[in-house]
Amino acid sequence: MPNPWICWGQVNKAGGCQGELVASLVKKKINLSRDCCEAIQGLTHRCKIWIFNHRRFTPEFGNQVKGFCATLGITLPPSYHLYYPMANPFKSDPTED
């Protein structure tokens, strides 16, 4: 499992990004700043998988975020799902970053 403090710290390098994610989830409409999308894109693979398999941040929500950020030119279009449910989101592949 990645260190949650490090993962959320990377997200919050873009001031208020965690709040933007929560607001998008609550309002059921993704609205993130370019800086927030860049912060999410810059996360390690382990952090991305952990965040989008944790509490209310589901893999489906992660894919919606990915699609929204693609409209800003931050990520590749969601031609495949980057975030997917893990049987155990706290167990990660030791070969990954």
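Heads up: these notes are all about the structure in this document. Throughout this document, residue positions are counted from 1 along each chain, in the order its sequence is written. Only residues with pLDDT of at least 70 are given local features in this predicted model, and only at 80 or more are side-chain atom pairs given and counted; all residues enter the totals for whole chains, interfaces and linings. Side-chain measures were taken over the full set of non-hydrogen atoms in the model, leaving aside hydrogen atoms and water.

1. Here we look at the overall build of the protein
Here comes step 1: Helix and strand labels come from DSSP, where a helix needs a run of H or I of at least four residues and a strand needs a run of E of at least two; each type is numbered from the N terminus. Scanning the protein from N- to C-terminus turns up five helices and zero strands.
Here comes step 2: For the protein, the α and β elements follow one another from N to C terminus as α-α-α-α-α.
Here comes step 3: Buried residues in the protein amount to 40% of all 97 residues.
Here comes step 4: Relative to all contacts within the protein whose residues are 6 or more apart in sequence, the contacts with residues 24 or more apart total 62%.
Here comes step 5: For the protein, the accessible surface area stands at approximately 5,900 Å², while carbon and sulfur atoms represent 57% of it. A simple rule labels every residue: compare its accessible area, found with a 1.4 Å probe on the protein chains alone, to the largest value its type can have, and call it buried under 20%, exposed over 50%, or partly exposed in between. By the convention used here, residues are in contact when the closest approach between their heavy atoms is within 4.5 Å. Values of accessible area rely on a 1.4 Å probe in the Shrake-Rupley scheme; residue burial ignores everything except the protein chains shown.

2. Here we look at the nonpolar core
Here comes step 1: Definition of nonpolar core: a set of buried residues of the types Ala, Val, Leu, Ile, Met, Phe, Trp, Tyr and Cys, connected through side-chain atoms within 4.5 Å. Core analysis: the biggest nonpolar cluster contains 23 residues, and L21, L32, I40, I51, F61 and V65 have the highest contact counts within it.
Here comes step 2: For this core, the secondary structure elements donating two or more residues are helix 1 (4–11), helix 2 (17–27), helix 3 (34–41), helix 4 (45–51) and helix 5 (59–71).
Here comes step 3: Broken down by element, this core gets its largest block of residues, four residues, from helix 3.
Here comes step 4: When near neighbours in sequence (up to four residues on either side) are disregarded, L32 contacts E20, L21, S24, C37, I40, V65, F68, C69 and L72.

3. Some details on the state of the cysteines
Here comes step 1: In this description, a disulfide is simply a cysteine sulfur pair whose atoms lie within 2.5 Å. All chains considered together, the criterion is met by three disulfides.
Here comes step 2: With a sulfur-sulfur separation of 2.1 Å, C7 is cross-linked through a disulfide to C47. With the S-S bond torsion at -80 degrees, the cross-link from C7 to C47 turns out left-handed. A residue pair is termed long-range when its members are at least 10 positions apart, and C7 in helix 1 and C47 in helix 4 qualify at 40 residues. Each member of the pair C7 and C47 is classed as buried.

4. Here's the deal with the environment of R46
Here comes step 1: Structurally, R46 can be placed in helix 4.
Here comes step 2: Judged by relative accessible area, which is 22%, R46 ranks as partly exposed.
Here comes step 3: C-alpha separation for the pair R46 and N3, spaced 43 residues apart in sequence, amounts to 9.4 Å.

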